[in-house]
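Here are the chains, one letter per residue:
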Number of protein chains: 2
Amino acid sequence: MRLVLVQNKPLLGQVSKNLAAVRALVGETPFDLLVLPELFATGYYFNNRDQVDRLSEEVPGGPTTIFLQELAASRGGFVCGGLVERSGGQLYNSALLVGPEGVLTVYRKLHLFFEEQLWFAAGDQPPAVHDLGFARVGLMICYDWRFPEVARGLALQGAQLLLHPANLVQPYCQEAMITRCLENGLFAATANRVGIDTKLDGEQLQFTGRSQVIAPDGQRLCSAAVHEPQILAVDIDPAQADDKQVTPYNHLLADRRPEHYQVLLDNR
Amino acid sequence: MRLVLVQNKPLLGQVSKNLAAVRALVGETPFDLLVLPELFATGYYFNNRDQVDRLSEEVPGGPTTIFLQELAASRGGFVCGGLVERSGGQLYNSALLVGPEGVLTVYRKLHLFFEEQLWFAAGDQPPAVHDLGFARVGLMICYDWRFPEVARGLALQGAQLLLHPANLVQPYCQEAMITRCLENGLFAATANRVGIDTKLDGEQLQFTGRSQVIAPDGQRLCSAAVHEPQILAVDIDPAQADDKQVTPYNHLLADRRPEHYQVLLDNR
């Protein structure tokens with residue numbers, strides 16, 4: 001399958017400009033599955049709840065969802081990307097997975113980073129796996145990387161490929177995703193953004209780029225620039241992730257000892 | 001506290017020579033806590049069950065346990081290291097934690113690598129945390145690194161420092177331990193060995209050295225050579241691991257969503 005990542009440079013709050021820039025960046029690049037960053041159409045470093053509310057949309061029906069649907073339908077592929085979702089009076093930092101026939105699922109970020117906790121409600125459903133026919137994929141968003149339970153839970157449900165829209169500001173994740181792939185024996189596609197968001201009070205966040213695809217053996221198959229918008233394309237065979245046998249004696253998942261893991265479910 | 005790691009180069013099956021070499025390597029180096037590799041007195045790449053059985057010992061009473069006890073008692077410190085443990089007709093790949101007053105605990109490796117599965121029974125107890133007064137420590141052995149549940153379980157029980165005797169032959173662990181520290185906000189001391197074990201049939205395993213201590217922020221505080229026996233010494237403040245607040249909004253453990261992690265305990 002042809003996996004394509006978009007690393008864009010959104011302007012805070014300028015949805016139509018950002019969608020047009022992504023459309024231009026994608027161009028006629030062929031893909032089976034396209035992954036866009038977290039909040040790729042809105043930017044990230046919001047000023048206040050009113051701004052987040054204005055940029056939010058119900059799913060389906062809003063401009064970002066429509067954009068993703070049109071992209072998927074016109075190209076006959078699948079598209080994953082992040083948006084501010086409004087539902088039942090709450091705002092969520094969500095990622096959509098959209099196919100040629102429409103929205104397949106909405107994943108609401110389970111682990112909220114930094115000021116996201118001021119605007120968003122945390123996700124209310126465990127991560128789930130979706131079978132696209134050519135790949136079984138699981139969604140996680142940005143800071144979810146730091147919680148090994150997310151990638152592990154998706155691997156245990158059969159995920160071959162993690163779709164990982166991100167807006168990374170710390171330097172750790174791109175290396176840590178190698179560990180996520182090694183421990184679970186799967187692929188991971190991290191679509192990060194570049195550029196700087198500046199709030200009205202002058203506070204800034206700089207995003208770290210380096211979007212990447214990691215293979216089940218920990219190899220970095222491709223990696224984008226630190227500062228520039230970019231498209232990454234790579235052909236992968238998701239079935240490689242079905243081989244969890246890392247030695248003749250060792251199977252990454254069968255070797256687990258869940259009877260000794262009870263502490264992981266305790267609330268602390 | 002002064003944390004010291006021993007990276008030795010054992011000769012397969014030559015326990016008394018190996019213990020003497022470790023004694024010489026440690027010399028008069030002061031330590032509060034000394035960490036030795038997995039199976040540091042026996043070597044690793046055994047020829048057959050008879051050999052493993054001959055090299056095994058009950059705890060307490062055997063030569064490796066006595067060596068560790070004498071080292072701890074004579075220096076007034078704590079010592080951790082690996083041995084072939086015999087108990088109830090089974091052999092275990094175990095690590096001892098010994099203090100000036102004697103053996104504090106035996107940890108039996110939960111996740112057995114490669115041909116270990118031919119000789120050893122897997123551990124029968126979840127990893128536990130031990131309070132040394134100046135540090136709360138948790139034991140894990142070598143390949144346990146690949147299972148995020150181990151370090152996570154120890155962190156949830158309050159571990160500030162992972163003691164990680166190892167006999168690493170793959171190139172992944174030294175980087176992955178950075179992820180283990182970042183995701184759990186604790187220190188990790190990996191004491192690895194160097195050299196090559198050669199079996200009677202000529203099969204060889206080369207060990208990767210690079211023993212190291214990683215801090216809760218992912219920094220590598222010290223790192224040993226690839227091929228040479230070596231002592232590493234570093235002063236750390238274990239209380240740094242009690243601060244899990246990585247942003248004003250984010251606490252590494254409190255941010256977890258265990259109500260959505262049920263799949264981690266399923267047997268698959």
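The shown structure was predicted, so the numbers you read here are calculated from the model rather than taken from an experiment.

Peer 1: Go over the side chain of A:Asn93 with me, naming the residues and quoting the values.
Peer 2: Structurally, A:Asn93 is set in strand E4 (residues 90-99). The residues touching A:Asn93, leaving out its near neighbours within four places in the chain, are A:Glu38, A:Leu39, A:Leu83, A:Tyr107, A:Arg108, A:Lys109, A:Leu112, A:Glu116, A:Phe120 and A:Ile141.

Peer 1: Now, about the packing of aromatic side chains: what can you tell me, with residues and values included?
Peer 2: For the coordinates displayed, the defined rule picks out 18 aromatic pairs over all chains. With 5.6 Å between their ring centres and 65° between their planes, A:Phe78 and A:Phe134 make a pair best called edge-to-face. One end of the pair, A:Phe78, is in strand E3 (residues 78-87); the other, A:Phe134, is in the loop between strand E6 (129-131) and strand E7 (136-139), with 56 residues separating them in the sequence. A centroid spacing of 4.9 Å and a plane angle of 50° characterise the contact between A:Phe113 and A:Tyr143, whose relative ring orientation is tilted. Here A:Phe113 is found in the loop between strand E5 (102-108) and helix H4 (116-119), whereas its partner A:Tyr143 is found in the loop between E7 and helix H5 (148-156), with 30 residues between them in sequence. Above the plane of the ring of B:Tyr92 lies B:Arg108, whose end atom (NZ or CZ) is 4.0 Å from the centre.

Peer 1: Lay out the environment of B:Gly138 with the relevant residues and their values.
Peer 2: Residues and elements named next belong to chain B. With respect to the helices, strands and loops of the structure, Gly-138 is situated in strand E7 (residues 136-139). On the basis of relative accessible area, Gly-138 is assigned to the buried category, the value being 0%. Filtering out sequence-adjacent residues up to four positions away, Gly-138 remains in contact with Ala-128, Leu-154, Ala-159, Leu-161, Leu-162 and Leu-163.

Peer 1: How would you summarise helix H5 (residues 148-156) of chain B if you had to cite specific residues and measurements?
Peer 2: With nine of nine residues buried, H5(B) lies mostly within the body of the structure. Of all the positions in H5(B), only B:Pro148, B:Glu149, B:Val150, B:Ala151, B:Arg152, B:Gly153, B:Leu154, B:Ala155 and B:Leu156 are classed as buried. Looking at the buried residues of H5(B), the elements they touch are H5 and helix H6 (173-184) of chain A together with strand E6 (129-131), E7, strand E8 (161-165) and helix H6 (173-184) of chain B. Looking one or two residues past H5(B), B:Gly158 carries a phi angle of roughly 100°, positive in sign.

Peer 1: Explain the environment of B:Leu97 to me, and be specific about the residues and the numbers.
Peer 2: All names here are of chain B. Relative to the assigned elements, Leu-97 resides in strand E4 (residues 90-99). It is 9.3 Å that separates the C-alpha atoms of Leu-97 and Leu-163, two residues lying 66 residues apart in sequence. Apart from the residues within four sequence positions on either side, Leu-97 is in contact with Leu-33, Val-79, Cys-80, Gly-102, Val-103, Leu-104, Thr-105, His-130, Leu-132, Val-137, Leu-139 and Leu-163.

Peer 1: Can you explain the relation of the copies chain A and chain B? Please cite residues and give values.
Peer 2: Note on the identical chains: chain A maps onto chain B by a rotation of 180° and an axial translation of 0.0 Å, with an RMSD of 0.0 Å. Such a combination of turn and shift is consistent with a two-fold rotation axis. A symmetric contact is evident, with 100% of the interface residues of chain A recurring at the interface of chain B.

Analysis parameters
- Residues numbered from 1 in each chain as written.
- Chains lettered and ligands numbered in written order.
- Predicted model: local features only at pLDDT ≥ 70, side-chain atom pairs only at ≥ 80, totals over all residues.
- Heavy atoms only, no water.
- Helix = DSSP H or I, 4+ residues; strand = E, 2+ residues; numbered from the N terminus.
- Contact = heavy atoms within 4.5 Å.
- Phe/Tyr/Trp six-rings, centres within 6.5 Å; stacked < 30°, edge-to-face > 60°.
- Lys NZ or Arg CZ within 6 Å of the ring centre and 35° of its normal.
- Buried < 20%, exposed > 50% of the residue type's maximum accessible area, 1.4 Å probe, protein only.
- Least-squares fit on C-alpha atoms with pLDDT ≥ 70 in both.

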